[in-house]
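# Close look at the chain arrangement
Here is how the chains run, residue by residue.
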Amino acid sequence: VYGRLADAESRRIFSALLNFRLSRNISYMEGFVDAQDRQYFEPFLNLQTENEVFVDAGCFDGYTSEEFIKRCPDYSAIHILEPEPSNMEKVKDRLGKYHNIYYHLYGASNRSQTLRFSSGGSASSISDEGNLQIKVDRIDELVKGPFSFLKMDIEGAEIAALEGTARSIELYHPRLAIAVYHKADDLWRIPKLVLSLRNDYELYL
């Protein structure tokens, strides 16, 4: 993965993260900031102000979709994937004034099923001890037609969700902003999976 990273900054970040994890030396984290307003919208994505079709997998409260709209005000469509009903109501309240938004009360996975879900705000996740039942399905089935940008931050379920997006990735080559911090091996398993579907992605971290 290190050798496939597209720029020196990504390689610096990759090295710093691994060194911090191995040593617990906090000095490796110098220069890192909490930048939630732009964490999925780095310049290398080259998002267009118009005609983007955005899939927000793990929408939570709609904040990320609203940040997308600020950057791409003349978008074509937004698909919201959020499995928790109370969160979905917040999303609809927040985004109700915008057009062409499609709400999917589902989580993303590699097959259609019903799972237990622990409700915990932005850290909600699939769990056998969960207090809710949710539906999950493949993005390939939920989102009909091409999309240009997929953001995915779903608390460790990214691998299964990407497997369920394989057809769309192969066909449409959307930009991908995928969280790789939930599990220790996400840093290399997720890029490896994406590159197995299409080897023409540029990787940034």
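Residues numbered from 1 in each chain as written. Predicted model: local features only at pLDDT ≥ 70, side-chain atom pairs only at ≥ 80, totals over all residues. Heavy atoms only, no water.

This part covers helix α1 (residues 8–23). For α1, with 16 residues, the first-to-last C-alpha span of 22 Å sits near the 22 Å given by 1.5 Å per residue. Against α7 (186–197) lie the buried residues of α1. Remark: R24 follows α1 within two positions and exhibits a positive phi of approximately 60 degrees. (Helix = DSSP H or I, 4+ residues; strand = E, 2+ residues; numbered from the N terminus. Expected span 1.5 Å × (residues − 1). Contact = heavy atoms within 4.5 Å.)

The terminal C-alpha atoms of α7, which comprises twelve residues, lie 16 Å apart, in line with the 16 Å expected from a rise of 1.5 Å per residue. Of all the residues in α7, the buried ones are D186, L187, I190, P191, L193, V194, L195 and L197. Those residues of α7 that are buried are in contact with α1, α5 (158–163), α6 (166–172) and β9 (175–178). (Buried < 20%, exposed > 50% of the residue type's maximum accessible area, 1.4 Å probe, protein only.)

Using the criterion set out here, one finds eight aromatic pairs in the structure. Judged by centre distance (4.1 Å) and plane angle (5 degrees), the ring pair of F44 and Y204 falls under stacked. Of this pair, F44 sits in the loop between α1 and β1 (53–57) while Y204 sits in the segment after α7, placing them 160 residues apart in sequence. Residue classification places F44 among the partly exposed residues on the basis of a relative accessible area of 37%. Their ring planes at 25 degrees and their centres at 4.4 Å tell us that F54 and F68 sit as a pair that is stacked. Here the residue F54 occupies a position in strand β1, and F68 occupies one in helix α2 (residues 63–71), the gap between them amounting to 14 residues. The exposure classification of F54 matches that of F68, with both residues buried. By the ring-pair criterion, three or more aromatic residues cluster together here, those being F41, F54, F68, Y75 and F149. Stacked on the ring of F20, the Lys or Arg R24 has its end atom at 5.7 Å from the ring centre. If you follow K92 out to its NZ or CZ, it ends over the ring of Y103, 5.5 Å from the centre. (Phe/Tyr/Trp six-rings, centres within 6.5 Å; stacked < 30°, edge-to-face > 60°. Lys NZ or Arg CZ within 6 Å of the ring centre and 35° of its normal.)

What follows deals with the pairing of strand β2 (residues 77–81). Most of β2 is tucked away, with five of its five residues classed as buried. Residues A77, H79 and L81 of β2 are buried on one face, and the alternating residues I78 and I80, pointing to the opposite face, are buried as well. Note that β1 and β2 share five bridges and pair parallel. Residue pairing for β2: D56 is matched across the bridge by I80. Each parallel crossover has a hand, and for β1 linked through α2 to β2 it is right-handed. Here four bridges tie β2 to strand β3 (residues 101–104), and the two strands are oriented parallel to one another. (Pairing = 2+ DSSP bridges. Right-handed = clockwise from strand over helix to strand, strands pointing away.)

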